[in-house]
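# Observations on chain architecture
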Amino acid sequence: MTMGKALVAVLAGGALLATGTPAHARTVRAEQAAQAVEGAKTRLGPNGYGKVRLGMSAKKARATGKVVLKMPLRGGSCSGWDLKAHPTGKNSVGLYISKRRGVAVIFAPKGVRTPEGIGIGSTTKQVKKAYPRWKTAASGFLLASVPGNKKAYYAFIASKKGTVKELAFGLNTQDCVN
């Protein structure tokens, strides 16, 4: 749900609740507004995840206070980071930041969805319905252009059962992962 749709839903909900007690209506509207804002913050795409945006330099990403360095450059072209709110295991990272491109790839944490409602656990049928112009990469991943961002893609890695087990959101020009 986009922020505009969320706001309309909150406003519509508030109008329906106005017939109840005024104090209760204000409390419910405030809770709905908070949920709508939180929902917008936890969406992966079309430009980033919360304050972390694709293309943002490592310096700017660190300044958001939302990421922590996990794997320094050490001669490579990309460093590995974690989202503070979603730390990953020992041998993985939550995002890559390219020396040349900035934030290049963000991996969806569990529970995070695209604006079209797709996330870990979604079926490949749902992915194909949400992104009708999808294609299959040589690696077998489902790839889709990001609505609202011509410079980005989604990559969906499915399990043998046909559910999304990993979701990556990246720049078309990223130079960090295959």
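Whatever comes next refers back to the structure up there.
Computed from a predicted structure; not experimentally measured.

Calculation notes
Residues numbered from 1 in each chain as written. Predicted model: local features only at pLDDT ≥ 70, side-chain atom pairs only at ≥ 80, totals over all residues. Heavy atoms only, no water. Helix = DSSP H or I, 4+ residues; strand = E, 2+ residues; numbered from the N terminus. Buried < 20%, exposed > 50% of the residue type's maximum accessible area, 1.4 Å probe, protein only. Contact = heavy atoms within 4.5 Å. Pairing = 2+ DSSP bridges. Core = buried A, V, L, I, M, F, W, Y, C linked by side-chain atoms within 4.5 Å. Salt bridge = Lys/Arg side-chain N within 4 Å of Asp/Glu carboxyl O.

### As for the overall build of the chain
What the chain contains, in helices and strands, is 4 helices and 10 strands. Split into buried and exposed, the 178 residues of the chain put 35% on the buried side. Within the chain, counting contacts between residues at least 6 apart in sequence, those at least 24 apart form 41% of the total.

### As for the sheet that holds strand β8 (residues 142–146)
If you walk across this open sheet you meet the 8 strands as β3-β4-β5-β6-β10-β9-β8-β7, and the pairing is antiparallel. On the outer flanks of this sheet lie β3 (67–71) and β7 (135–136), each paired with one strand and no other. Direction of pairing for β3 relative to strand β4 (residues 78–83): antiparallel, over a ladder of 4 bridges. The partner of Val67 across the bridge, within β4, is Leu83.

### A few points about the nonpolar core
Side chains that are nonpolar tend, in soluble globular proteins, to be buried together. Membership of the largest hydrophobic core comes to 28 residues, with the highest contact counts inside it found for Leu44, Leu95, Val103, Ile106, Phe156 and Phe169. For this core, the secondary structure elements donating two or more residues are β4, β5 (95–98), β6 (102–107), β8, β9 (149–158) and β10 (164–171). Looking at which element gives the most residues to this core, the answer is β10, with 4 residues. By size, the runner-up hydrophobic cluster in this structure holds 9 residues, among which are Cys78, Val105, Ala155 and Ala168.

### Observations regarding the pattern of salt bridges
Within this structure, the stated rule accounts for 1 salt bridge. Ionic pairing is found between Asp82 and Lys70, a salt bridge with its closest N-O pair at 3.2 Å. In this pair, Asp82 sits in strand β4 while Lys70 sits in strand β3, placing the two residues 12 residues apart along the sequence. Lys70 gets classed as partly exposed once you look at its relative accessible area, which sits at 30%.

### Points about the environment of Trp134
Along the chain, the position of Trp134 falls in the loop between α4 (124–130) and β7. For Trp134, a relative accessible area of 29% translates into the label partly exposed. Sequence-wise, Trp134 and Ala155 are 21 residues apart; in three dimensions their C-alpha atoms are separated by 9.6 Å. Not counting residues within four places of it along the chain, the set of residues in contact with Trp134 comprises Lys128, Leu142 and Leu143.

### Some thoughts on the environment of Ala61
Following the sequence through the fold, Ala61 ends up in helix α3 (residues 58–63). Ignoring sequence-local partners within four residues, the contact set of Ala61 consists of Met56, Val67, Ile97 and Val103.

### Things to note about the side chain of Thr114
You can see Thr114 is positioned in the loop between β6 and α4. Thr114 gets classed as buried once you look at its relative accessible area, which sits at 0%. Those residues in contact with Thr114 that sit more than four places away from it in its chain are Arg43, Leu44, Tyr131, Tyr154 and Leu167.

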